[in-house]
Amino acid sequence: MTADPFAPASAFERLPMPDAEVFYLARLALAKPDEQIVRQLIAEVPWRCEEVMVWGRRVPQPRLTAWYGDAGARYAYSGIELRPLPLTPILLDVKTRVEAMAGSAFNSVLLNYYRDHQDSIGFHSDNEPELGERP
């Protein structure tokens, strides 16, 4: 973890987990109020309802998704191949702040929109090879 311009290192809480180093940040300071950013993303993102392979049949995901990232990035899961949308100013700002806090660079973000209590996703692991060794 590196020093950052957005929050003191004391803002991180280390979560006790065997065989892991997990740090938790309760809140990331953003350029706009959280609620405003969420409302804007819900309104402006071109959300998609993808179909995934589950137990040998195609079913609609019970959530909406949108993938943003660097040109040329690639992401595929459950029979879906995504092409990244270009990062928007809001997402670029959030990306910059997250990278500063994490001390790592990121090439993409998968946005998930759970519209109500009926949207969900089951237990899974995001271990696709294109996500690298430490997704």
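Residues numbered from 1 in each chain as written. Predicted model: local features only at pLDDT ≥ 70, side-chain atom pairs only at ≥ 80, totals over all residues. Heavy atoms only, no water.

### Considering the environment of Trp47
This is how it is decided: Think of it this way: any DSSP run of H or I at least four residues long counts as a helix, any run of E at least two long counts as a strand, and we number them from the N terminus. Every residue pair with non-hydrogen atoms within 4.5 Å of one another is taken to be in contact.
With respect to the helices and strands, Trp47 occurs in the loop between α1 (34–44) and β3 (51–54). Remark: the alpha-carbon pair of Trp47 and Leu111, spanning 64 residues in sequence, is separated by 8.8 Å. Beyond its immediate sequence surroundings of up to four residues, Trp47 is in contact with Leu41, Ile42, Leu64, Thr65, Ala66, Leu111, Asn112 and Tyr113.

### Regarding the confidence of the model for the protein chain
Our working rule: Confidence of the prediction at every residue is given by pLDDT, a number between 0 and 100.
On average, residues of the protein chain score 84 in pLDDT, and 86% of them reach the 70 mark or higher. Ranking the elements of the protein chain by mean pLDDT puts strand β6 (residues 75–77) last with 79 and α1 first with 95. Low pLDDT, under 50, characterises residues 1–6; the predicted model gives this stretch 16 contacts beyond four residues in sequence or across chains.

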